[in-house]
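Here is how the chains run, residue by residue.
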Amino acid sequence: LARLYAPGGETPRFPLCFMTNGGGVTEATKAHELSSWLDVNVQEDQVVLAHTPFRRLAAEGRLRDLPVLVAGGGPPPPPLPPPLL
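Residues numbered from 1 in each chain as written. Predicted model: local features only at pLDDT ≥ 70, side-chain atom pairs only at ≥ 80, totals over all residues. Heavy atoms only, no water.

A. Examining the overall build of the protein chain more closely. Within the protein chain, the regular secondary structure consists of 2 helices and 2 strands. When the helices and strands of the protein chain are read in sequence order from the N terminus, they spell out β-α-β-α. For the protein chain, the C-alpha radius of gyration of 19 Å lies well beyond 12 Å, the compact-globule estimate for 85 residues. Counting all 85 residues of the protein chain, 15% fall into the buried class. Across the protein chain, every contact between residues at least 6 apart in sequence was considered, and the portion connecting residues at least 24 apart equals 47%. Counting only carbon and sulfur atoms, one obtains 62% of the accessible surface of the protein chain, whose full area is about 7,100 Å². The averaged location of the 8 negative side-chain charges in the protein chain is 6 Å from the averaged location of its 7 positive side-chain charges. (Helix = DSSP H or I, 4+ residues; strand = E, 2+ residues; numbered from the N terminus. Rg over C-alpha atoms; globule rule 2.2 N^0.38 Å. Buried < 20%, exposed > 50% of the residue type's maximum accessible area, 1.4 Å probe, protein only. Contact = heavy atoms within 4.5 Å. Areas by Shrake-Rupley, 256 points an atom, 1.4 Å probe, with all protein chains shown as cover. Lys, Arg positive; Asp, Glu negative; His and termini not counted. Charge placed at Lys NZ, Arg CZ, Asp CG, Glu CD.)

The structure is reproduced here in structure tokens:
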């Protein structure tokens, strides 16, 4: 990875993007984590998270009145209680 960066690890030599299916944090937080883990400078605009593409659609209002299904991993939620009769 260091070869993709100029000496010192501050500036990528080429356009570089980090993609992850992880979520739960902002792109800025993930950039900071990646910078620490990889010992290179990763900027927020170089990070694409699972939810990143939705941000622009939501900001444009294109999803405002539409149902959206978002699925992910993790433990399943507890079962719903039985209906009251």
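Picking up after the structure, the text goes on.
B. Spatial organisation of unusual backbone geometry. Non-glycine residue Asp39 carries a positive phi angle of around 60°. Examined against the element boundaries, Asp39 turns out to sit in the loop between helix 1 (27-38) and strand 2 (47-48).

C. Structural detail: a nonpolar patch on the surface. On the surface, a cluster of nonpolar side chains totalling about 510 Å² of accessible area is made up of Leu1, Leu4, Phe14, Trp37 and Leu38. Considering the arrangement of structural elements, one finds Leu38 in helix 1. (Patch = residues over 30% accessible without salt bridge, like charges linked within 9 Å, V, L, I, M, F, W, Y side chains within 5 Å. Salt bridge = Lys/Arg side-chain N within 4 Å of Asp/Glu carboxyl O.)

D. Looking closely at the confidence of the model for the protein chain. Of all residues in the protein chain, 91% have pLDDT values of 70 or greater, and the mean over the chain is 80. Mean pLDDT across the elements of the protein chain ranges from a minimum in helix 2 (residues 52-59), with 72, to a maximum in helix 1, with 91. (pLDDT = per-residue confidence, 0-100.)

E. Region of interest: the side chain of Glu27. Tracing the sequence through the fold places Glu27 in helix 1. Every residue in contact with Glu27, bar those within four places of it in the chain, is listed here: Glu44, Val47, Leu49, His51, Thr52 and Arg55.

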